[in-house]
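Structure assessment
Single-letter residue listing:
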Amino acid sequence: MTSTAPEKAVPDTAPAPPSAVELSIGGMTCASCAARIEKKLNRMDGVTATVNFATEKAKVSYTDGIDVADLIATVEKTGYTAEEPPPPASATAEPIEGETTPAVDGELLSLRQRLYVSLVLTVPVVLMAMVPALQFDNWQWLSLTLAAPVVVWGALPFHRAAWTNARHGAATMDTLVSIGTLAALGWSVWALFWGHAGMPGMRHGFEFTISRGDGSSAIYLEAAAGVTTFILAGRYLEAKSKRKAGAALRALLELGAKDVAVLRGGKEVRIPVAQLAVGHRFVVRPGEKVATDGTVVEGSSAVDASMLTGESVPVDVTVGDAVTGATVNAGGRLVVEATRIGADTQLARMARLVEDAQNGKAEVQRLADRISSVFVPVVILLALGTLLTWLFATGDATAAFTAAVAVLIIACPCALGLATPTALMVGTGRGAQLGILIKGPEVLESTRRVDTVVLDKTGTVTTGRMQLQDVFPASGVDKDELLRLAGALEHASEHPIAQAIAAGAAERVGSLPVPENFENVAGLGVQGVVDGHAVLVGREKLLAMGVPPLERSREWGRVIELPRELAEAKAAAEAEGRTAAAVAWDGEARGVLTVADAVKETSAEAVAELRALGLKPVLLTGDNQLVAESVARSVGIDEVIAEVLPEDKVDVVKRLQGEGRSVAMVGDGVNDAAALATADLGLAMGTGTDAAIEAGDLTLVRGDLRVAADAIRLSRRTLATIKGNLFWAFGYNVAALPLAAAGMLNPMIAGAAMAFSSVFVVTNSLRLRSFK
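The rules behind these values
Residues numbered from 1 in each chain as written. Predicted model: local features only at pLDDT ≥ 70, side-chain atom pairs only at ≥ 80, totals over all residues. Heavy atoms only, no water. Helix = DSSP H or I, 4+ residues; strand = E, 2+ residues; numbered from the N terminus. Buried < 20%, exposed > 50% of the residue type's maximum accessible area, 1.4 Å probe, protein only. Contact = heavy atoms within 4.5 Å. Areas by Shrake-Rupley, 256 points an atom, 1.4 Å probe, with all protein chains shown as cover. UniProt positions renumbered as here; feature names shortened; annotations may be inferred. Expected span 1.5 Å × (residues − 1). Arc of directions from axis to C-beta. Pairing = 2+ DSSP bridges. Axes fitted to C-alpha atoms, helices over the stretch in contact; angles between N-to-C directions. Left-handed = near helix turned anticlockwise from the far one by under 90°. Nonpolar A, V, L, I, M, F, W, Y, C, P; charged D, E, K, R; others polar. Phe/Tyr/Trp six-rings, centres within 6.5 Å; stacked < 30°, edge-to-face > 60°. Salt bridge = Lys/Arg side-chain N within 4 Å of Asp/Glu carboxyl O. Core = buried A, V, L, I, M, F, W, Y, C linked by side-chain atoms within 4.5 Å. Domains from an automatic or database assignment. Parallel < 35°, antiparallel > 145°, perpendicular 65-115°, else oblique. Patch = residues over 30% accessible without salt bridge, like charges linked within 9 Å, V, L, I, M, F, W, Y side chains within 5 Å. Lys, Arg positive; Asp, Glu negative; His and termini not counted. Polar contact = N/O pair within 3.5 Å; in protein donor to acceptor, adjacent residues only side chain to side chain.

**Concerning the overall build of the protein chain**
Within the protein chain, the secondary structure is distributed over 28 helices and 26 strands. Counting all 772 residues of the protein chain, 52% fall into the buried class. Intrachain contacts of the protein chain at a sequence separation of at least 6 include 69% that bridge at least 24 residues. A total of about 33,200 Å² of accessible surface is found on the protein chain, and carbon and sulfur atoms cover 57% of it.

What follows is the structure, encoded as structure tokens:
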């Protein structure tokens, strides 16, 4: 197959991959606005777009022949604004500045001003309308004086948006609010100037439902002003809540250092992080943030990565260890060589994954969008139908008008548009804080369905590094002496088993002596002289074959046999899948050391948590059956699939799916990437390879398997929140519209209920911020 690949590549005729851009959209006020922009963009040839109302962004992919200016022009023709993204240089140089917080803050300030002024003017209008005792002679003219600025100036953003949409032949939630409030104000002005409502001594009662009466003496100033103020309050609270929902992503971006001390000619020169380049060496003092991803070239310390990975325990680093940008140096002075900068750093990649996830749409939201896109025209027709029905049925113009206005006001589909994006923003942001990166909203559906979780052994359940497990000294041999001599000899070897023994020995007995006449016996072990002792460490065969003597020790020529207690210890260790190394010196067997890929301390707890979520764990490994079963027993896994070649892992996942199971796969290596992509849900350990991370649906920044259970719990909680939001939003509209049409809701009460529905949805989403 590989030989034919070059022949298939035809560079001259192959279509170029589509380009992608993210546009900031201005002027959207509800979900139907987003749906209109999305529809217009997708009508362009070669364009695929997704518009998110909550994040106010459009993610667009487009083919050759189209440029960003065409996309912006299409959005502007639809009646909204779009901004071209900043040049790559400035975007990567200072990613934090790319946030549009000043514009967002300006919008909040404008909303707050309109809300406060409208509130001050509306309160006396509502009180006079509701409390007859406050209705002095000509009170209605004071109401008009106070209410008119609220409806005209306070509701100006609604009127402006409604007019813009009308010019483009569209109707949105602003259309409903604008028509409703202006109709109420217009009716009141007519009644005051040309009807009987302007007569001195006129009195006005307030009812929660619609009352019938003479239309020429009825005014709706309190409804017009009250609805405007309630909706402004809802918009303001909604905007503030959306800012909170995106706070986790902004906090993630702001984790990075602003400047860095670079070494130049042996001196420290402080420069902005934007000027840092790959290969630069920089100093990180205690308490400072690591400026970018790099490798420690001098010093040792403990690094606190809690703000990036959620891991509370600082990690020890020394020369040769990798460090991640935005982590904090908690100990000594470090010199780090930059390996990745700007958009390539782990922090930037995390932020990109989170933002991509927030810009996506779950399948349930697509249904809500389709409903929102036709909802407003339907409501306008329903309001007109309500007006005509009341007129024909009762002949009461006042009641008919009031019911129609209530229908217009209460039917806003804002809650539908906010249901998914706000929950996604909060859920993915909270996940990022805990070291869980959710790639997209469709992942949430997968977490609900999975019933089997396949765990790759090496690097996932185990550390992926050999470690010294047990020490069995022969009768009369000191355990520390056994470790000291064996560890000293193994320290000179590069073999992973030898390095595990050396590291374990150094940890338990301290410094190790330097061996002499060291020799590696291929496939069997090592030999040498340590402190005058002729030492052998390796397979039993090495001791039994009678190794030729070296000059300093004639005793190596003897055949050495393991005594019974050591032979039994070795056999028991191998039965559990461990590797046993025999140790001998001066012609006698002195002990047995066992080595194994150590199981992570948290793996057993993680497996128990996965079981509690209703998942059946399966251990998958290329190791032999004995090793796999030993690891499985230690962590509480019943089903083991061992001796699987890397390329066969995909077949295992497909076989499990063929049995009717919905499979989640957790892995970290290159050989796991295909299986992660094939599984219904792929969870990639962030400590693993880029290939695995790219293939996974969820990335676990920390190498702790317990985070897999946390990720599934958070995803399920986010999905449940989305569904709860949509249930409320749908239920609210389904229940409220008939009530309004039946004349059971005063327009002002309808406005308050509509504003509350949006605030409720956003507030419900914000509960995800407390996920532990």
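**Focus on the UniProt feature "transmembrane region" (unreviewed entry) in the protein chain**
Mapped onto the present numbering, the UniProt feature "transmembrane region" (unreviewed entry) falls on residues 115-135, 141-163, 175-197, 217-237, 374-393, 399-420, 725-742 and 748-766. The distance from the first to the last C-alpha atom of residues 115-135 is 25 Å, and the span holds 76% helix and 0% strand. Helix makes up 94% of residues 725-742 and strand makes up 0%, while its end C-alpha atoms are separated by 26 Å.

**With respect to helix α21 (residues 564-575)**
Three or four residues apart is the spacing at which side chains of an α-helix point the same way, because the helix has 3.6 residues per turn. Over its 12 residues, α21 runs 16 Å from end to end, which matches the ideal 16 Å to within 8%, given 1.5 Å per residue. Buried within α21 are the following residues: Leu 566, Ala 569, Lys 570 and Ala 573. Buried residues of α21, viewed axially, fall in a sector of 100 degrees; they line one side. The inward-facing, buried residues of α21 contact β16 (462-473), α20 (540-544), β20 (579-585) and β21 (588-599). Remark: Gly 577 follows α21 within two positions and exhibits a positive phi of approximately 85 degrees.

**Quick word on helix α7 (residues 156-167)**
End to end, α7 covers 16 Å across 12 residues, agreeing with the expected 16 Å (1.5 Å per residue, within 8%). For α7, every residue scored as buried is listed here: Phe 158, His 159, Ala 161, Ala 162, Thr 164 and Asn 165.

**A short note on the sheet that holds strand β25 (residues 681-685)**
The strand order across the open sheet built from 7 strands is β14-β26-β25-β24-β15-β22-β23, with neighbouring strands paired in mixed fashion. Among the strands making up the open sheet, the edge pair consists of β14 (436-438) and β23 (639-641). Averaged over all adjacent pairs, the angle separating strand axes in this sheet is 20 degrees, with direction ignored. Relative to strand β26 (residues 698-700), β14 runs antiparallel, the two being bridged by 3 bridges. When the bridges of β26 are listed, Leu 437 appears paired with Thr 699. Each of β22 (616-620) and β23 is contacted by helix α23 (residues 625-635), which is oriented at about 150 degrees to β23, the strand it contacts most.

**Here we look at the sheet that holds strand β12 (residues 328-329)**
To summarise the sheet geometry, strands pair through backbone hydrogen bonds and adopt either a parallel or an antiparallel arrangement. In spatial order, the strands read β10-β9-β12; together these 3 strands make up an open sheet with antiparallel pairing. If you trace the sheet from one side to the other, it starts and ends with β10 (315-317) and β12, each paired once. As paired strands, strand β9 (residues 301-304) and β12 are joined by 2 bridges and run antiparallel to one another. Pairing of Asp 304 across the sheet is with Val 328, part of β12.

**Brief notes about the packing of α7 against helix α8 (residues 173-194)**
Closest axis-to-axis distance for the α7/α8 pair is 8 Å, and the angle between their directions is 120 degrees. Classified by chirality, the crossing of α8 by α7 is left-handed. Where α7 abuts α8, its residues Phe 158, His 159, Ala 161 and Ala 162 lie against Asp 174, Thr 175, Val 177, Ser 178, Thr 181 and Leu 182. Tallied by class, residues from the contact of α7 with α8 come to 5 nonpolar, 4 polar and 1 charged.

**Quick word on the packing of aromatic side chains**
Geometry of an aromatic ring pair is reported as the spacing of the ring centres plus the angle between the planes. The tally for this structure, following the rule as stated, stands at 4 aromatic pairs. Ring centres 5.8 Å apart and planes at 50 degrees place the aromatic pair Phe 193 and Trp 194 in the tilted group. Look at Trp 194 and you get exposed, because its relative accessible area is 64%. A network of ring pairs unites the aromatic residues Trp 141, Phe 193 and Trp 194 as a single cluster.

**With respect to unusual backbone geometry**
In this model, Asn 138 sits at a positive phi of 65 degrees, which is unusual for a non-glycine residue. Tracing the sequence through the fold places Asn 138 in the loop between α5 (101-130) and α6 (139-154). Classification of Asn 138 by relative accessible area gives partly exposed; the value is 33%. Non-glycine residue Asn 517 carries a positive phi angle of around 50 degrees. Structurally, Asn 517 is set in strand β17 (residues 516-521).

**Overview of the pattern of salt bridges**
Applying the stated criterion across every chain yields a total of 22 salt bridges. For Arg 270, the salt bridge goes to Asp 259, with nearest N and O atoms at 3.5 Å. Linking Arg 270 in strand β6 (residues 267-272) with Asp 259 in strand β5 (residues 259-264), this pair joins segments that are 11 residues apart in sequence. According to the relative accessible area criterion, Arg 270 is partly exposed, its value standing at 45%. As a salt-bridge pair, Arg 713 and Asp 710 come within 3.0 Å of each other at their nearest N and O atoms. With Arg 713 and Asp 710 both in helix α27 (residues 706-741) and 3 residues apart, the pair spans about one turn of that helix.

**Examining the nonpolar core**
Residues Leu 455, Leu 681, Leu 683 and Leu 698 are the most contacted members of the largest nonpolar core, which totals 45 residues. If one sorts the elements of this core by residue count, α27 sits on top with 9 residues. Taken domain by domain, the makeup of this core includes at least three residues from each of domain 2 (105-246 + 358-422 + 721-770) and domain 4 (441-461 + 600-696). Filtering out sequence-adjacent residues up to four positions away, Leu 683 remains in contact with Ala 664, Met 665, Val 666, Gly 667, Leu 676, Leu 698, Leu 700, Ala 708, Ala 711 and Ile 712.

**Comments concerning the environment of Tyr 236**
Position of Tyr 236 among the secondary structure elements: in helix α9 (residues 221-245). Once residues lying within four places of it in the same chain are set aside, the contact partners of Tyr 236 are Leu 108, Leu 111, Arg 112 and Leu 115.

**Quick word on the packing of helix α18 (residues 479-490) against helix α19 (residues 496-509)**
Between α18 and α19, whose axes approach to 8 Å, the crossing angle comes to 135 degrees. In terms of axis orientation, α18 runs oblique to α19. The handedness of the crossing between α18 and α19 comes out as left-handed. Across the interface between the two elements, Asp 480, Leu 483, Arg 484, Gly 487 and Glu 490 from α18 touch Ala 498, Gln 499, Ile 501, Ala 502, Ala 505, Arg 508 and Val 509 from α19. For the contact of α18 with α19, the class distribution of residues is 6 nonpolar, 2 polar and 4 charged.

**Quick word on the pairing of strand β1 (residues 19-26)**
Where β1 and strand β3 (residues 57-62) come together, 6 bridges link them in antiparallel fashion. Bridging across to β3, Ala 20 finds its partner in Ser 61. Relative to strand β4 (residues 81-83), β1 is paired through 3 bridges, and the arrangement is antiparallel. Each bridged residue has a counterpart across the sheet, and for Ile 25 the counterpart in β4 is Ala 82.

**Regarding a nonpolar patch on the surface**
There is a patch of nonpolar side chains on the surface, built from Leu 119, Val 123, Leu 127, Met 130, Val 131 and Leu 134 and spanning about 450 Å² of accessible area. Leu 134 gets classed as partly exposed once you look at its relative accessible area, which sits at 40%.

**Examining the side chain of Glu 490**
Position of Glu 490 among the secondary structure elements: in helix α18. Look at Glu 490: it is buried, it has no salt bridge, and the nearest opposite charge is Arg 539 at 11 Å. Setting aside chain neighbours within four positions, we find Glu 490 in contact with Ala 498, Gln 499, Ile 501, Ala 502, Val 526 and Val 537.

**Looking at the side chain of Asp 456**
Tracing the chain through its elements places Asp 456 in strand β15 (residues 452-456). Using a relative accessible area of 5% as the deciding quantity, one classes Asp 456 as buried. Within the structure, the side chain of Asp 456 is placed 2.8 Å from the side chain of Lys 649, a separation counted as a polar contact. If near-sequence neighbours (up to four positions away) are discounted, Asp 456 is found in contact with Val 461, Leu 620, Lys 649, Met 665, Val 666, Gly 667, Asp 668 and Asp 672.

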